Amino acid sequence: MRVITSVISFWGVVTLLSMFVSCSQPDVNQDDEIVYGPVEQTYQLPDVSGNIYYVSPDGNASAEGLELDQPTVIEKAFANVKSGDAIILRGGIYRTGNLTFNQGITMQPYRDEKPVLNGSLVADSWSQVEDGLWVTNWEKLFPAGTEDWWNRERNEKQTPMHRFNNDAVFIDGQFLQSAGSTDDVNEETFYVDYDDNKIYIGINPEGRTVEITAFKKAIYRTLHTVHGKEPDKKGPVISGITFTQYPDTMVHIGGVGLEIDQHGRDVMGTVFENCTFSNSFRIGLFAISDSLVMRNCHVANTNTEGVYIVASAGILLERNIFENNNIEQWTGFFPSSVKIFNQSHNAMVRENLIRNQPHSNGVWWDVGNDDGVFINNHVENVSQSGFFFEISQGAIVAGNVFENCGQSIFVLNSRDVKVYNNTIINSMVNFRRYDRGDKPGTFGWHVTTGPGVEERDNHVMVNNLMYMDESCDTLMLYTHQPDFMCERLPNPQFKELNNNVYVRNYKEGDGEKALMQWSPYPDEDCKTLLFTPDELNEFNGTLATGSEYIENIESPLFVDLKNKDFQLTPEFSNIGNPAPMPAKIVTLLDVEAGSKPFVGAVAP
């Protein structure tokens, strides 16, 4: 982990984030090191204006739950709770789901106990069919299908249709993958016979805990009348809860529609702190909620998205861990560990650990979004894109470390993306544009909410440190547009591409490696390969000024790359020709005013 020497308040930087004044500051330990994910703590009873309801896994359904020693069941508490009330959960496993409410409630553990909402039931009645095959009857099934835009002809071979069903089986806590027939069942797969309501597994269940999904969602904060109460636009505050093993969206906040300019005003101020979302076969958290805060949570083993935020303003995601999305390895789909979608404004993603995504993207702003901020995150081992900004405008990407990603930064059909002082290791940067958006596309109108085709430019990339070792032979920077658009879009996507440092090691005998593909370029292909920043500067005298390219260094560039210390070694501490940062970047990165400029994410 990188060490951050101080924690600052950003409330004055992004106006909408002033709504978060009721939330605590991020957690740091005594050494000022960022603490990612849930923080162990003992909760005090919340100071609420209404009732406190106590619940436990073995609560008494006839009790009101108003006394600690007389807890009720969680289903009853959700039926009674209203804004200003709190639900206090005793520790243990609550095998329940579809808990629906429409009020601004508080939900947290009792002191340091560990409540878990689990969407499965234990399956303990099995019969052996033959060697290596066991069966049980199961009534709570969740057959489903793909979206209508999914290209079956192209993708079914890699993603068979049974993968889109939402049932899940866990053996000793480990999820299995679905199979298409009993012939394909083995110790790591299961098969569902939907005609006869039977589930088959290929491992002897004796002496093991076998769980099968039984509840569609954990909790749903609806916009509709429920339990005799009208919704009041207040989001819940939920802390210290684990949500696990649900077949669909585990936690759903707000509406479902995607109309133009439908922001999350119907549910405002939702907060999640120190929560865990794991083992969901669709989405961990779906939210349409303005002023949503998600802090020190852990989101892992999800499928289409870990966190999916739609049409919401003033979002803050900080100090979370996001990992291992697309657990069923869908192809032809567009998975992302975090997706911020459809006219979400002023979303800030800072100081998160985004890692281990072998089949997914990291954080993706997807279509029609404005003013994203992605700062001081650590992104590693993401097979696709660590940061993805598509058909949107206005983003700041600064102070991040990207390590071993297919693409560290992917900016597609967007404008006004400012990329400052990132450290990028064995990961390509990609800026691309084409003519999508000239007319409504596969997904209808929403493509038109982003910048028009002629507006996809004005990007800035300054003071970044890019390093590739011998194991990585891709381009370091890739810019692209189709050849048929060269006449239409003859000017670069970048306003500034200056004061960056490119360091590359490659094996003897491999020959010189191209540094970048540049487009638009005045030839029939609209592109060319460039080997040094000087070549770009010769072609365009306003770009690549102050940039430096270094080959085959013999001394370590970083103090301790293996242990995530990205400080530059003394030999390279004065590398490059860094430019002064704009005032807004200085404020966001908490750089002392007037300090010496530097390249990369970590100051010397």
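Note that the structure is a prediction, hence the values are computed from the model and not measured.

Rules used throughout
Residues numbered from 1 in each chain as written. Predicted model: local features only at pLDDT ≥ 70, side-chain atom pairs only at ≥ 80, totals over all residues. Heavy atoms only, no water. Helix = DSSP H or I, 4+ residues; strand = E, 2+ residues; numbered from the N terminus. Rg over C-alpha atoms; globule rule 2.2 N^0.38 Å. Buried < 20%, exposed > 50% of the residue type's maximum accessible area, 1.4 Å probe, protein only. Contact = heavy atoms within 4.5 Å. Areas by Shrake-Rupley, 256 points an atom, 1.4 Å probe, with all protein chains shown as cover. Lys, Arg positive; Asp, Glu negative; His and termini not counted. Charge placed at Lys NZ, Arg CZ, Asp CG, Glu CD. Patch = residues over 30% accessible without salt bridge, like charges linked within 9 Å, V, L, I, M, F, W, Y side chains within 5 Å. Salt bridge = Lys/Arg side-chain N within 4 Å of Asp/Glu carboxyl O. Phe/Tyr/Trp six-rings, centres within 6.5 Å; stacked < 30°, edge-to-face > 60°. Lys NZ or Arg CZ within 6 Å of the ring centre and 35° of its normal. Pairing = 2+ DSSP bridges. Disulfide = S-S within 2.5 Å. Core = buried A, V, L, I, M, F, W, Y, C linked by side-chain atoms within 4.5 Å. pLDDT = per-residue confidence, 0-100.

1. Focus: the overall build of the protein chain
Thinking step 1. The secondary structure content of the protein chain amounts to 4 helices and 50 strands.
Thinking step 2. The globule rule puts the C-alpha radius of gyration for 604 residues at 25 Å, and the 26 Å found for the protein chain is close to it.
Thinking step 3. Projected onto the principal axes, the alpha-carbon positions of the protein chain cover approximately 80 × 60 × 50 Å.
Thinking step 4. A total of 604 residues make up the protein chain; the buried ones form 59% of that total.
Thinking step 5. Expressed as a percentage of contacts within the protein chain between residues at least 6 apart in sequence, the contacts between residues at least 24 apart total 65%.
Thinking step 6. Entry remark: accessible area of the protein chain is about 24,100 Å², with carbon and sulfur atoms responsible for 45%.
Thinking step 7. Counting 44 positive and 81 negative side-chain charges, the protein chain places the centres of these two groups 5 Å from one another.

2. So, a negative patch on the surface
Thinking step 1. A cluster of acidic residues, Glu130, Asp131, Asp183 and Asp184, forms a negative patch on the protein surface.
Thinking step 2. For aspartate 183, the location among the structural elements is in the loop between strand 12 (177-178) and strand 13 (189-193).
Thinking step 3. On the accessibility criterion, aspartate 183 (71% relative accessible area) is exposed.

3. Quick look at the packing of aromatic side chains
Thinking step 1. For the structure shown, the criterion picks out 27 aromatic pairs.
Thinking step 2. Note on phenylalanine 78 and phenylalanine 101: the rings are 5.5 Å apart at their centroids and 65° apart in plane angle, and the pair reads as edge-to-face. Note that phenylalanine 78 is positioned in helix 1 (residues 74-80) and phenylalanine 101 in strand 4 (residues 99-101), a separation of 23 residues in sequence. This pair shows no difference in class: phenylalanine 78 is buried, exactly as phenylalanine 101 is.
Thinking step 3. On the numbers, 6.3 Å between centres and 85° between planes, the contact of tryptophan 365 with phenylalanine 374 is edge-to-face. Pair check on accessibility: tryptophan 365 and phenylalanine 374 agree, each one buried.
Thinking step 4. An aromatic cluster is built from Trp149, Trp150, Phe164, Trp330, Phe333, Phe334, Trp364, Phe388 and Phe410, whose rings are joined through pairwise contacts.
Thinking step 5. The positively charged end of lysine 339 is found above the aromatic ring belonging to tryptophan 364, 4.5 Å away from the centroid.

4. Things to note about the sheet that holds strand 14 (residues 198-201)
Across a sheet, paired strands are connected by hydrogen bonds in the backbone, their directions being either parallel or antiparallel.
Thinking step 1. Read across the open sheet, the 5 strands follow the order 8-9-14-13-12; overall the sheet is mixed. Sheet topology places strand 8 (127-130) and strand 12 at the edges, where each strand pairs with a single neighbour.
Thinking step 2. In this structure, strand 9 (residues 133-137) lies alongside strand 14, joined through 4 bridges in antiparallel fashion. Of the residues in strand 14, the one forming a bridge with valine 135 is tyrosine 200.

5. Regarding the state of the cysteines
Thinking step 1. Scanning all chains against the criterion turns up 1 disulfide.
Thinking step 2. Across the disulfide, cysteine 486 is cross-linked to cysteine 526 (sulfur-sulfur distance 1.7 Å). Disulfide cysteine 486-cysteine 526: torsion about the S-S bond near 90°, hence right-handed. With cysteine 486 in the loop between strand 43 (477-480) and strand 44 (494-498) and cysteine 526 in the loop between strand 46 (516-518) and strand 47 (528-530), this pair connects stretches of sequence that are 40 residues apart.
Thinking step 3. For cysteine 486, a relative accessible area of 16% puts it in the buried group.
Thinking step 4. Left without a disulfide partner, cysteine 275 is nearest to the cysteine sulfur of cysteine 297, which lies 4.7 Å away.

6. Thoughts on the pairing of strand 45 (residues 501-504)
Thinking step 1. Residue alternation in strand 45 divides its side chains into two sets, Val501 and Val503 and Tyr502 and Arg504, and both sets are buried.
Thinking step 2. Of the pairings in the sheet, the one linking strand 42 (residues 465-468) to strand 45 comprises 4 bridges and is parallel in character. Its bridge partner lying in strand 45, methionine 466 is registered against tyrosine 502.
Thinking step 3. Of the strand pairs in this sheet, strand 45 and strand 48 (residues 548-551) are connected by 4 bridges, and their pairing is parallel. Opposite arginine 504, over in strand 48, you have glutamate 551 as the bridge partner.

7. Structural notes on the pairing of strand 50 (residues 565-568)
Thinking step 1. Burial along strand 50 is one-sided: the residues Phe566 and Leu568 are buried and none of Asp565 and Gln567 is.
Thinking step 2. Relative to strand 50, strand 49 (residues 558-560) is paired through 2 bridges, and the arrangement is antiparallel. The residue bridging aspartate 560 from the neighbouring strand is aspartate 565, located in strand 50.
Thinking step 3. Where strand 49 folds back onto strand 50 in an antiparallel hairpin, the turn is made up of 4 residues, including lysine 564, whose phi is positive at roughly 65°.

8. Digging into the nonpolar core
Thinking step 1. Core analysis: the largest hydrophobic core is formed by 95 residues, its most contacted members being Leu117, Phe243, Phe272, Phe277, Met294 and Phe374.
Thinking step 2. Looking at which element gives the most residues to this core, the answer is helix 1, with 3 residues.
Thinking step 3. Not counting residues up to four positions away in its chain, the partners in contact with phenylalanine 277 are Phe243, Met250, Val251, Phe272, Gly284, Leu285, Met294, Cys297, His298, Val299 and Ala300.
Thinking step 4. Core analysis: the second largest hydrophobic core is formed by 19 residues, Val293, Met348, Ile396 and Leu589 among them.

9. Remarks on the confidence of the model for the protein chain
Thinking step 1. Confidence in the prediction of the protein chain, expressed as mean pLDDT, is 92, and 93% of residues score 70 or more.
Thinking step 2. Note that pLDDT drops below 50 for residues 1-26; the model gives that stretch 73 contacts with residues more than four away or on any other chain.

10. A short note on the pattern of salt bridges
Thinking step 1. What the rule picks out here adds up to 23 salt bridges.
Thinking step 2. Salt-bridge contacts for glutamate 113 lead to arginine 90; the nearest nitrogen and oxygen are separated by 2.8 Å. Pair noted here: glutamate 113 is in the loop between strand 5 (106-109) and strand 6 (115-118) and arginine 90 is in the loop between strand 2 (86-89) and strand 3 (92-95), with a separation of 23 residues, a long-range link.
Thinking step 3. Judged by relative accessible area, glutamate 113 falls into the partly exposed class, the value being 24%.
Thinking step 4. Owing to a relative accessible area of 23%, arginine 90 belongs among the partly exposed residues under this scheme.
Thinking step 5. Between glutamate 273 and arginine 295 there is a salt bridge, and its shortest N-O distance comes to 2.6 Å. Here glutamate 273, found in strand 20 (residues 271-273), pairs with arginine 295, found in strand 23 (residues 293-295); they are 22 residues apart in sequence, far enough to count as distant.
Thinking step 6. Residue class for glutamate 273 comes out buried when judged on its relative accessible area of 17%.
Thinking step 7. Bridged by salt links that share partners, the residues Glu273, Arg295, Glu318 and Arg350 form one connected network.

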